[in-house]
Amino acid sequence: MELSKQLEADGVDLFVLDQGIDTSTAIGRMFFQILGAIAEFERALMSERTMDGLAAARARGRTGGQKPKLGLRRVQLAQAMHEETDDKGRSRYTVAQIAEEFGVSRPTIYRHLGQQIPSQPAGVQGTTDTRAADFGN
């Protein structure tokens, strides 16, 4: 609509061939403006429905975006591998080796290494040797 107003100000008329609209006539200008208003209304309505749908999904506990590559258990395992040292005090595993083990990229491992992992709640049974645990999420 803004472009058509700018063209009209410059003395340019539009001819929409497939819809038979000619903005050089009063009826053509009116029809073009009505179609523009309807298109703007449809766009606003679609935006409102999208926002309502997202709000309803959030209310149901759903979030958008990709699912995490590593679950809590696998993050704990990756952190344990990163902290593990050999007899000389050096890291036993490189970030690249840890990433390869879990099938993710190095940046994914780095992102999770800086993350604070909540401690296991009281009463929950688990193994203390994280390397012996299964690698599932």
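Everything below is about the structure shown above.
About the cut-offs
Residues numbered from 1 in each chain as written. Predicted model: local features only at pLDDT ≥ 70, side-chain atom pairs only at ≥ 80, totals over all residues. Heavy atoms only, no water. Helix = DSSP H or I, 4+ residues; strand = E, 2+ residues; numbered from the N terminus. Buried < 20%, exposed > 50% of the residue type's maximum accessible area, 1.4 Å probe, protein only. Contact = heavy atoms within 4.5 Å. Expected span 1.5 Å × (residues − 1). Patch = residues over 30% accessible without salt bridge, like charges linked within 9 Å, V, L, I, M, F, W, Y side chains within 5 Å. Areas by Shrake-Rupley, 256 points an atom, 1.4 Å probe, with all protein chains shown as cover. Salt bridge = Lys/Arg side-chain N within 4 Å of Asp/Glu carboxyl O. Axes fitted to C-alpha atoms, helices over the stretch in contact; angles between N-to-C directions. Parallel < 35°, antiparallel > 145°, perpendicular 65-115°, else oblique. Left-handed = near helix turned anticlockwise from the far one by under 90°. Nonpolar A, V, L, I, M, F, W, Y, C, P; charged D, E, K, R; others polar.

Teacher, can you tell me more about the overall build of the protein chain here?
Helix and strand content of the protein chain: five helices and two strands. Along the protein chain, helices and strands appear, N-terminal first, in the series α-β-β-α-α-α-α. Looking at the protein chain as a whole, 20% of its 137 residues qualify as buried. The long-range fraction of contacts in the protein chain, counting pairs at least 24 apart against all pairs at least 6 apart in sequence, stands at 50%.

Explain helix H3 (residues 72-83) here, please?
Given 3.6 residues per helical turn, the α-helix brings residues three or four places apart onto the same face. Under the 1.5 Å per step criterion, the end-to-end length of H3 is 17 Å for twelve residues, consistent within 8% with the ideal 16 Å. Looking only at H3, the buried set comprises Arg74, Val75, Leu77, Ala78, Gln79 and Met81. Residues of H3 that are buried make contact with helix H4 (95-102) and helix H5 (106-113).

I would appreciate a short explanation of a nonpolar patch on the surface in the present structure.
Where nonpolar side chains cluster on the molecular surface, the patch consists of Met30, Phe31, Ile34, Leu35 and Ile38 and spans about 420 Å² of accessible area. Take Ile34: it is sitting in helix H2 (residues 26-59). Taking relative accessible area as the criterion, Ile34 reaches 40% and is therefore assigned partly exposed.

Would you take a moment to explain the packing of H3 against H4 for this structure?
Geometrically, a packed helix pair is captured by the angle between its two axes and the distance between the axes. Across the interface, H3 lies against H4 with an axial gap of 10 Å and an inter-helix angle of 150 degrees. Looking at the two axes, H3 sits roughly antiparallel to H4. Along this stretch, H3 crosses H4, giving a crossing that reads as right-handed. Contact residues: Arg74, Leu77, Ala78, Met81 and His82 in H3; Val95, Ile98, Glu101 and Phe102 in H4. Within the contact of H3 with H4, the residues separate by chemical class into six nonpolar, one polar and two charged.

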